Amino acid sequence: MDRLLNIKDLSVHFKLEEGVSKAVDGISLAVGKKETVCLVGESGSGKTLTALAVMRLIPRPGIIAGGEIIFKEADLLCLSEEKIREVRGAEISMVFQEPFTCLNPVFTVGDQIGESVALHIGLQGQKKKDRVFEVLKLVGINEEARVYDAYPHELSGGMRQRVMIAMGLVSNPALLIADEPTTALDVTIQAQILELLSTLKEKLSLSILLITHDLGIVNEIGDRVYVMYSGKIMERGPKNDIFTKTRHPYTEGLLKSVPDLGPIKDRLYTIPGSIPEPFKVPKGCRFNPRCPYVKDICRLQEPVETKVSAEHFVRCFKYE
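Residues numbered from 1 in each chain as written. Predicted model: local features only at pLDDT ≥ 70, side-chain atom pairs only at ≥ 80, totals over all residues. Heavy atoms only, no water.

Chemist: I tried to follow the overall build of the protein chain on my own but got confused; where do I start?
Modeler: If you tally the helices and strands in the protein chain, you get 11 helices and 12 strands. For 320 residues, the compact-globule estimate of 2.2 N^0.38 gives 20 Å, and the protein chain sits close to it at 20 Å. The long-range fraction of contacts in the protein chain, counting pairs at least 24 apart against all pairs at least 6 apart in sequence, stands at 64%. Here the protein chain holds 41 positive side-chain charges and 42 negative ones, and the gap between their average locations is 4 Å. (Helix = DSSP H or I, 4+ residues; strand = E, 2+ residues; numbered from the N terminus. Rg over C-alpha atoms; globule rule 2.2 N^0.38 Å. Contact = heavy atoms within 4.5 Å. Lys, Arg positive; Asp, Glu negative; His and termini not counted. Charge placed at Lys NZ, Arg CZ, Asp CG, Glu CD.)

Chemist: Where do I start with helix H7 (residues 157-168) in this structure?
Modeler: At 3.6 residues per turn, the α-helix brings residues three or four places apart onto the same side. Between its terminal C-alpha atoms H7 stretches 17 Å, which fits the 16 Å expected from 12 residues at 1.5 Å a residue. Along H7, 10 of the 12 residues are buried, which leaves the element largely enclosed by surrounding structure. Gly-158, Arg-160, Gln-161, Arg-162, Val-163, Met-164, Ile-165, Ala-166, Met-167 and Gly-168 are the residues of H7 that are buried. Residues of H7 that are buried sit in contact with strand S6 (92-95), helix H3 (99-102), helix H4 (109-121), helix H5 (125-138), helix H6 (144-148) and helix H8 (187-204). (Expected span 1.5 Å × (residues − 1). Buried < 20%, exposed > 50% of the residue type's maximum accessible area, 1.4 Å probe, protein only.)

Chemist: Looking at this structure, how should I read helix H11 (residues 249-256)?
Modeler: All of the buried residues along H11 are Pro-249, Tyr-250, Thr-251, Gly-253 and Leu-254. Buried-residue contacts for H11 involve strand S3 (36-40), helix H9 (215-221), strand S9 (224-229), strand S10 (232-238) and helix H10 (239-244).

Chemist: I keep staring at the pairing of strand S7 (residues 175-179) and nothing clicks. Help me out?
Modeler: Along any regular strand, the residues point their side chains to alternate faces of the sheet. Counting buried positions along S7 yields five of five residues, so the element is predominantly enclosed. Alternating residues of S7 divide into Leu-175, Ile-177 and Asp-179 and Leu-176 and Ala-178, and every residue in both groups is buried. Where S6 meets S7, four bridges bridge the pair, whose relative direction is parallel. If you follow Ile-92 over to S7, its bridge partner there is Leu-175. Of the crossover connections in this fold, the one passing from S7 over H8 to the parallel strand S8 (residues 207-212) is right-handed. (Pairing = 2+ DSSP bridges. Right-handed = clockwise from strand over helix to strand, strands pointing away.)

Chemist: Looking at this model, I keep getting lost on the packing of aromatic side chains. Mind explaining?
Modeler: Geometrically, a pair of aromatic rings is defined through the distance of the ring centres and the angle of the planes. Taken as a whole and judged by the stated rule, the model has four aromatic pairs. Where Tyr-229 meets Phe-287, the ring centres are 5.1 Å apart and the plane angle is 85°; that geometry is what we call edge-to-face. Linking Tyr-229 in strand S9 with Phe-287 in the loop between H11 and strand S11 (306-307), this pair joins segments that are 58 residues apart in sequence. Taken together, Tyr-229, Tyr-250 and Phe-287 form an aromatic cluster joined through their ring pairs. One cation-aromatic arrangement involves Lys-129 over Tyr-148; the distance from NZ or CZ to the ring centre is 5.2 Å. The side chain of Lys-318 reaches across the aromatic face of Tyr-293, ending 4.1 Å from its centre. (Phe/Tyr/Trp six-rings, centres within 6.5 Å; stacked < 30°, edge-to-face > 60°. Lys NZ or Arg CZ within 6 Å of the ring centre and 35° of its normal.)

Chemist: Got a minute to help me understand the sheet that holds S6 in this structure?
Modeler: Sheets are built from strands that pair by backbone hydrogen bonding, the pairs being arranged parallel or antiparallel. Taken together, eight strands build an open sheet; the order of strands is S6-S7-S8-S3-S9-S10-S12-S11 and the sheet is mixed. The open sheet is flanked by S6 and S11, the only strands paired with a single partner. Here S3 pairs with S8 via five bridges, running parallel. Within the sheet, the bridge partner assigned to Val-37 lies in S8 and is Leu-209. Sheet strands in contact with helix H1 (residues 47-54) are S3, S6, S7, S8 and S9, and its direction is about 145° off that of S8. (Axes fitted to C-alpha atoms, helices over the stretch in contact; angles between N-to-C directions.)

Chemist: It is not clear to me how unusual backbone geometry should be interpreted in this structure. Could you clarify?
Modeler: Most peptide bonds are trans, and most residues other than glycine sit at a negative phi. Each neighbour pair has its own omega, and for Arg-60 with Pro-61 the value is 5°, a cis peptide bond. Along the chain, Pro-61 falls in the loop between H1 and strand S4 (62-71). In this structure, Lys-72 takes a positive phi of about 50° despite not being glycine. Topologically, Lys-72 is positioned in the loop between S4 and strand S5 (74-75). Take Lys-72: its relative accessible area is 47%, and that puts it in the partly exposed class. At Ser-230, a position not held by glycine, the phi torsion is positive, near 50°. Tracing the sequence through the fold places Ser-230 in the loop between S9 and S10.

Chemist: What should I look at first to understand the environment of Thr-212 in this one?
Modeler: Residue placement: Thr-212 occurs in strand S8. Taking the relative accessible area as the measure of exposure, Thr-212 reaches 2% and is therefore buried. Expressed as a C-alpha distance, the spacing of Thr-212 and Arg-85, which sit 127 residues apart in the sequence, is 26 Å. With residues near it in sequence (within four places) discarded, Thr-212 still touches Leu-39, Val-40, Gly-41, Lys-47, Glu-180, Ile-217 and Val-218.

Chemist: Please explain the pattern of salt bridges as it appears in this structure.
Modeler: Between side chains of opposite charge, a pair can form as their charged atoms come close. On inspection of all chains with the given rule, the structure shows 16 salt bridges. A salt bridge links Arg-290 to Glu-42; the nearest nitrogen and oxygen atoms lie 3.0 Å apart. Of the two residues, Arg-290 is situated in the loop between H11 and S11 and Glu-42 in the loop between S3 and H1; the sequence distance between them amounts to 248 residues. By relative accessible area, Arg-290 is classed as buried at 5%. Looking at Glu-42, the relative accessible area reads 22%, which means it is partly exposed. For the salt bridge of Lys-201 with Asp-223, the shortest nitrogen-to-oxygen distance reads 2.7 Å. With Lys-201 in helix H8 and Asp-223 in the loop between H9 and S9, this pair connects stretches of sequence that are 22 residues apart. We classify Asp-223 as partly exposed; its relative accessible area is 31%. The network of salt bridges with shared partners includes Asp-25, Arg-286 and Glu-302. (Salt bridge = Lys/Arg side-chain N within 4 Å of Asp/Glu carboxyl O.)

Written as structure tokens, this is what we have:
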């Protein structure tokens, strides 16, 4: 695999009154060129913090406590603030899950995308406006003149998400990080946004790091999958292996939780319990309080990553 992004042993810590929260605890992850990699897990797993670490945007009092983030052979953690600003938004763009909170309500769409155009590629005047129209068309907005002059509240949720994607594409980035890009949208619009991302990947030779809790979305557009729980990668591999040769009990639980169109059930399956607070991670395997297959060793030791097949790995004592 020709790697564009290679994260090695990344740790993100928060020093709190209750103790040190290891929100991201020594994870490794890679994204190849023209590949869609999905980072999956429940809220609180550390997925968004992983993405923010790539952008060097960890909120205080958080710190990147260790590891490397190699992008195009350069370690982003070693770049100066000036250099990382050149990378951020220009070569790596991020689309957040709720565009209404990310777009400024007092500026038009044209003003906000135009600011990115001016900042990242230096265009002004009519050339800047032409580029804004170009990226709006690129993300499937046919009424580009109307949307250009519109304020965020005048657009639907799906249209606002397209605007956020357009803003991320003004400088033709190599990597697009999409953080739960369809969470606030209805099912029909979700499908349109996923189809748009797939189309853009092929048309622009994009690499995509998609963050989601929804394995249905992963099945639609993912190439490889990393399953994250409480700051650790529990299982990783090609999408087909994760779906058809599931190994980790947590991945198994996530798959069971996906609604299907089969016989009507009294209630949907849910994984019992909840993710532990980051400063109260249980001893041993951090999933052991919720695991249906827990053994004594699971409560005493943390499992190491075990190779299942050529590209499929799992962190579970069942396979050591």
